[in-house]
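Residue-level structure breakdown
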Amino acid sequence: MEFDLNKKYCYYFKQISDIPRGSGNEKVVSDFVVELAKKHGYDYIQDELYNVIVSKPASPGYENSEPLIMQAHLDMVCEKNMDVEHDFEKDPLDLYADEEGWLHARGTTLGADDGQGVAYMLAILDDETLEHPELQCTFTVMEEIGLLGAKALKKEYFHSNRYINLDAGSEDCCTVSSSGGARAVLSKKLTFEADERPAYCLQIRGLKGGHSAGAIHEERGNAILLAARTAYEIGRTCGDMRLSDISGGMKFNAIPREADLVFTSAADPKLISECAEKCFEDIGRELQYSDEGFYGKLIPLTAERSIGTEETEKVLSFLNVIPNGLQHRSMAIEGLSIASLNAGVIYIEDDTLKIDDLIRSALASHGDEMIRKLEILCSHFGFEMSLSDRYYGWDYVKDSPLRQILREVLKEKGIEMKERATHGGLECGIFKGLIPDLDIVTYSPVSTGEHTPAEKLDLASFDRAYANLCELLRRCK
Ligand SMILES: [Zn+2]
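Residues numbered from 1 in each chain as written. Predicted model: local features only at pLDDT ≥ 70, side-chain atom pairs only at ≥ 80, totals over all residues.

**Some points on the domain arrangement of the protein**
Assigned domains of the protein: these are domain 1 (8-178 + 394-474) and domain 2 (181-391). The C-alpha centroid of domain 2 is placed 39 Å from the C-alpha centroid of domain 1. A per-element tally of the side of domain 1 that touches domain 2 places helix 10 (residues 427-434) first, with three residues. Class assignment of the residues belonging to the side of domain 1 that touches domain 2 gives a composition of five nonpolar, nine polar and two charged. (Domains from an automatic or database assignment. Helix = DSSP H or I, 4+ residues; strand = E, 2+ residues; numbered from the N terminus. Nonpolar A, V, L, I, M, F, W, Y, C, P; charged D, E, K, R; others polar.)

Below, the structure is given as structure tokens:
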């Protein structure tokens, strides 16, 4: 199967592949969309971030139909193999089709995520023969670095309550729910004093970690909280526990795999060591099926300072009681997490202890519930909380007229539509936050290897999904 540039969506896929479009570098591709809108005389909005919304009027006979939002993101993840020379700021992607009918970019990501959706909308905008209601074709920026373009969209731009997202889903599959999120930084100013007592480093190692959306329901250990639990237990059993340092985790959206906690204590070293061993043994048994690689170590070392026993007690208590991990799961969709927290990173900076926590929830009220719990605990233990990047999720809706139309379109092609839900964040959730009664479907062709140089797009599926999408539009009367 060749990559046939006579097909408009292939032509536009090639056009945008010639334009470098890493996240934050979307001006040129955004202007390219604007040029097409101008050429056809369509109304458009291009905002200061270079999000673009192009309005294509209803085709004859659809003037009274509810308008539709369509949406894809302009940016792509820029990854290449080490031995490949490619400048993602300047060079066009080097597209080629293999013998099995997959489209690739030589040595780099292909950007089918989400170039396929962008190409579909450009083809639809450029085709006067299609039948559909008024379309608000929305091209967002900086999706891959935190949905930043979508988060900046304004309600006033839209006058539709139906929406087709062209980023999630697949040829036979529609996404039906995603989570919202918020970042909470929990901090406490510490008072250090010189300390020459014997010191120890508690090390938590060998955990699996994983993405805080995809793996949060798998009972994997959180290295930071396990270090705090062990230290608390040592303090309770042996007495004289003074925190000197703590660090762990790499990213707020990843379950932390490793942590180090340094403390000083004048208590009997043998007792301390026995207590630590007992904790490691208990934790190892708890995690034997989820984190079989877990191990802990207690290493004597020297420290120069610590916080007092009282402050230590506060910090460790806080870390022992903060809610973490899976909080709620869906009773409508099997295996779907719908509310969770992840204490992802901990460190001390300028004598201030900071914990970077990511809260996810499909329902805003669950988000509020988790935030409230953290607030209560912060005020009780003398921590401060700063909340940022909050965006709303997309909770599962049982009856969706748009999903029903898509199901029928696919059924006539012999495809039984599957439904998929994610605990991750999607732009769908941002739109749902802007327009609460929005009816949402997602649709895409088959592609694999997103965010890696192995990314490839199934060209036969690219054809079929476009035909199905056009049929969906035609039925949105
Ligand atoms: Zn994407």
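**Thoughts on unusual backbone geometry**
The omega torsion of the bond from D113 to D114 falls at 10°, within 30 degrees of zero and hence cis. Tracing the chain through its elements places D114 in helix 3 (residues 112-125). Of note in this structure, D350 is not a glycine but carries a positive phi near 50°. Given 7 C-beta atoms within 10 Å, D350 falls into the exposed group. We note that D351 has phi near 60°; this positive angle belongs to a residue other than glycine. Mapped onto the elements, D351 comes out in the loop between strand 17 (337-349) and strand 18 (352-361). (Buried ≥ 20, exposed ≤ 12 C-beta atoms within 10 Å, placed from the backbone.)

**Let's talk about the sheet that holds strand 23 (residues 456-458)**
Strand order in the open sheet formed by four strands is 4-5-23-22, with antiparallel pairing between adjacent strands. Both edges of this open sheet fall to strand 4 (95-97) and strand 22 (447-448), since each of them pairs with a single strand only. Bridge analysis of strand 22 against strand 23 gives two bridges, and the strand direction is antiparallel. Note on strand 23: the bridge partner recorded for S447 is L457. Against the sheet, helix 11 (residues 459-474) engages strand 4, strand 5 (102-105) and strand 23, with an angle of about 55° to strand 23. (Pairing = 2+ DSSP bridges. Contact = placed C-beta atoms within 7 Å. Axes fitted to C-alpha atoms, helices over the stretch in contact; angles between N-to-C directions.)

**Structural notes on the packing of helix 5 (residues 223-238) against helix 7 (residues 309-321)**
Two measures define how a pair of helices packs: the angle their axes make with one another and the distance between the axes. At a minimum axis separation of 9 Å, helix 5 and helix 7 run at an interaxial angle of 130°. Our classification of the angle between helix 5 and helix 7 gives oblique. The chirality of how helix 5 crosses helix 7 is left-handed. For the pair helix 5 and helix 7, contact is made by L225, A228, R229, A231, Y232 and G235 and by T312, L316, L319 and N320, respectively. (Parallel < 35°, antiparallel > 145°, perpendicular 65-115°, else oblique. Left-handed = near helix turned anticlockwise from the far one by under 90°.)

**Regarding the sheet that holds strand 2 (residues 52-56)**
Think of a sheet as strands paired side by side through backbone hydrogen bonds, with each pair either parallel or antiparallel. Within the open sheet, the six strands sit side by side as 1-2-6-3-7-21. Their pairing is mixed. Every other strand in the sheet has two partners, leaving strand 1 (43-46) and strand 21 (439-442) as the edge strands with one partner each. With strand direction ignored, the average angle separating the axes of adjacent strands in the sheet is 15°. Where strand 3 (residues 68-73) and strand 6 (residues 135-140) come together, six bridges link them in parallel fashion. What sits directly across from L68, in strand 6, is L135. Contacting strand 2, strand 3 and strand 6, helix 3 runs over the sheet at an angle of about 135° to strand 3. Along the sheet, helix 9 (residues 401-412) contacts strand 7 (162-165) and strand 21; its crossing angle with strand 21, the most-contacted strand, is approximately 35°.

**Considering the nonpolar core**
If you look at the biggest cluster of nonpolar residues, it comprises 123 residues, and the most contacted ones within it are M121 and A227. Three or more residues apiece are contributed to this core by two domains, here domain 1 (8-178 + 394-474) and domain 2 (181-391). Those residues within four positions of A227 in sequence are excluded, and the remaining contacts are L202, I204, I246, G248, A259 and L261. (Core = buried A, V, L, I, M, F, W, Y, C linked by C-beta atoms within 7 Å.)

**Focus on the environment of M76**
Structurally, M76 is set in the loop between strand 3 and strand 4. Each residue touching M76, except ones within four places of it in the same chain, is listed here: R21, G22, T109, G111, D113 and G115.

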